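# Geometric and topological summary
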Amino acid sequence: MSLTHDDVHRIARLARLELDEQEAAASQEKLNGIFGLIERMQAVDTTGVEPLYHPQAVAQRLREDRVSETDRRHAYQAVAPQAEDGLYLVPKVIE
């Protein structure tokens, strides 16, 4: 697939871009290069090839899932203007 000069201007108009003729020609060349690369990649036979989840075979180091901070809810709610049953009370703002 290759884009024509009119296609580039139509895409630029849809994207609300103002391109002069020189910019449109450069954009057309770049976009056609991208489409050519996509066509070459789609032409490759990938039957039997498992998809990669990451480009390198690495394992992520995971830390132990444990609590590392103390529960300070009571201290935070002690300085709140209004709190009740572990919840902050705020004024009603929507009728």
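Everything discussed here concerns the structure shown above.
Residues numbered from 1 in each chain as written. Predicted model: local features only at pLDDT ≥ 70, side-chain atom pairs only at ≥ 80, totals over all residues. Heavy atoms only, no water.

### Some thoughts on helix H2 (residues 21–42)
Put simply, the rule is: Only DSSP runs of H or I covering at least 4 residues are called helices, and only runs of E covering at least 2 are called strands; the numbering of each starts at the N terminus. Expected helix span is computed as 1.5 Å times (number of residues minus one). Whenever two N or O atoms come within 3.5 Å, that pair is a polar contact, provided that in protein one can donate a hydrogen and the other can accept it, and provided that, for residues adjacent in sequence, both atoms are side-chain atoms.
Counted at 1.5 Å a residue, the expected span for H2 with its 22 residues is 32 Å, and the 31 Å between its end C-alpha atoms agrees. Looking at where H2 begins, the residue whose side-chain oxygen comes 3.2 Å from the main-chain nitrogen of Gln22 is Asp20.

### As for the pattern of salt bridges
Stated formally: Think of a salt bridge as a Lys or Arg side-chain nitrogen and an Asp or Glu carboxyl oxygen that are within 4 Å of each other. A 1.4 Å probe rolled over the protein chains alone gives each residue an accessible area, and that area as a share of the maximum for its type sets the label: buried under 20%, exposed over 50%, partly exposed in between.
For the structure on display, the rule yields one salt bridge. A salt bridge links Glu64 to Arg66; its shortest N-O distance comes to 3.9 Å. Of the two residues examined, Glu64 and Arg66, each falls in the exposed class.

### What to know about unusual backbone geometry
For Arg16, which is not glycine, the phi dihedral falls at a positive 60°. A positive phi angle, close to 55°, is found at Asp85, a residue other than glycine. Structurally, Asp85 can be placed in the loop between strand E1 (83–84) and strand E2 (87–88).

### Notes on the environment of Phe35
Heads up, the rule is: Only heavy atoms matter for contacts: two residues are in contact if any of them lie within 4.5 Å across the pair.
With respect to the secondary-structure elements, Phe35 resides in helix H2. Look at Phe35 and you get partly exposed, because its relative accessible area is 24%. Once the C-alpha coordinates of Phe35 and Met1 are considered, the two residues, 34 residues apart in sequence, prove to be 6.4 Å apart. If sequence neighbours within four positions are ignored, Phe35 has contacts with Met1 and Leu3.

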